[in-house]
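# Examining the three-dimensional arrangement
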Amino acid sequence: MSYSTYTEDFIEGLYTKLDILLPHQLDLNVIAHKLGIIVYFWDNPSQVLFLGGRAYIFLDKELSPRQLWQEFCHELCHVLLHSGSQEKMPYSWIEYQEWKANNFMLQACIPTFMLNKINLPESEDKAIQLIQELFNVEWDLAYRRLEQYKNNKLLYELDIKTAAKFS
């Protein structure tokens, strides 16, 4: 038995439904097409727009391919899990949505169900490099995701050990 978060389960279900099961299949254009989302590249910061019942993701065309993938996953959270215009929201709610979108981005760029199938090197630097290459993300994101992944595994193992003491 293993523990997973709502976000991990949501992303695994979404990608499985879209028949995206391996890191090399993670492509913003493919995902957008399968979800019926229109993607535009422009000269402004990335954002989402809903118009006529349709979702549009606008991505800053000056970003690198890795940054575009990361920005797409951040904006995808807003499309799939958020509603309403941030222009009319209290600042604290905007902060909350942005925090959620950043966490979603970590998980969507480097899904746990895919990461679980990879034999990560013992060396942290080599593990980060492998994640960076397999999932087409920047070093910083690969580092943060690896730390999150290791911490979650550690917490799960501690929960199992604690539960065993009381059974």
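Attention in this report is confined to the structure presented alongside it. (Residues numbered from 1 in each chain as written. Predicted model: local features only at pLDDT ≥ 70, side-chain atom pairs only at ≥ 80, totals over all residues. Heavy atoms only, no water.)

### Quick word on the nonpolar core
- Within the largest apolar cluster, 43 residues are counted, with the highest numbers of intra-cluster contacts made by Tyr15, Trp69, Phe72 and Phe135.
- At the level of elements, helix H1 (6-17), helix H2 (28-35), strand S3 (54-60), helix H3 (65-81), helix H4 (91-109), helix H5 (112-115), helix H6 (124-135) and helix H7 (139-165) are the ones that each hand at least two residues to this core.
- The element that contributes the greatest number of residues to this core is H3, accounting for seven residues.
- The contact partners of tyrosine 15, leaving out residues within four places of it in the chain, are Ile20, Leu26, Ile31, Trp69, Cys73, Ala108, Pro111, Phe113 and Met114. (Core = buried A, V, L, I, M, F, W, Y, C linked by side-chain atoms within 4.5 Å. Buried < 20%, exposed > 50% of the residue type's maximum accessible area, 1.4 Å probe, protein only. Helix = DSSP H or I, 4+ residues; strand = E, 2+ residues; numbered from the N terminus. Contact = heavy atoms within 4.5 Å.)

### Quick notes on the packing of H1 against H3
- Close contact between H1 and H3 brings their axes to 13 Å; oriented N to C, the two are set at 100°. Between H1 and H3, the angle falls in the class roughly perpendicular. Only Trp69, Cys73, Leu80 and Leu81 of H3 make contact with H1, whose side of the interface consists of Tyr6, Phe10, Leu14 and Tyr15.
- Looking at side-chain class alone, the contact of H1 with H3 contains eight nonpolar, no polar and no charged residues. (Axes fitted to C-alpha atoms, helices over the stretch in contact; angles between N-to-C directions. Parallel < 35°, antiparallel > 145°, perpendicular 65-115°, else oblique. Nonpolar A, V, L, I, M, F, W, Y, C, P; charged D, E, K, R; others polar.)

### Thoughts on the environment of leucine 49
- Its location among the elements puts leucine 49 in strand S2 (residues 47-51).
- With a relative accessible area of 38%, leucine 49 lands in the partly exposed category.
- For leucine 49 and histidine 78, which are 29 residues apart along the polypeptide, the C-alpha to C-alpha distance reads 9.6 Å.
- The contacts of leucine 49, once residues within four sequence positions are left out, are Arg54, Ala55, Tyr56 and Phe58.

### A few points about the sheet that holds S3
- Strand order in the open sheet made by the three strands is S1-S3-S2, with mixed pairing throughout. Strand pairing shows two members of the sheet lacking a second neighbour, strand S1 (38-42) and S2, which therefore form its edges. Strand after strand, the sheet turns through a mean of 25° between neighbouring axes, direction not considered.
- Note: S2 against S3, five bridges, orientation antiparallel. Bridging from a neighbouring strand, phenylalanine 50 pairs with alanine 55 of S3.
- The strands that H3 touches are S1, S2 and S3; relative to S3, the one it contacts most, it runs at about 150°. (Pairing = 2+ DSSP bridges.)

### So, the packing of H2 against H3
- Interaxial distance between H2 and H3 falls to 10 Å at its minimum, and their mutual angle equals 20°. Considering the angle they form, H2 stands roughly parallel to H3. For H2 against H3, the interelement crossing comes out left-handed. Mapping the contact onto sequence places Leu28, Ile31, Ala32 and Leu35 in H2 and Leu68, Trp69, Phe72, Leu76 and Leu80 in H3.
- The residue inventory of the contact of H2 with H3, partitioned by class, reads nine nonpolar, no polar and no charged. (Left-handed = near helix turned anticlockwise from the far one by under 90°.)

Take it as geometry only, folks, not as evidence of what the structure does.
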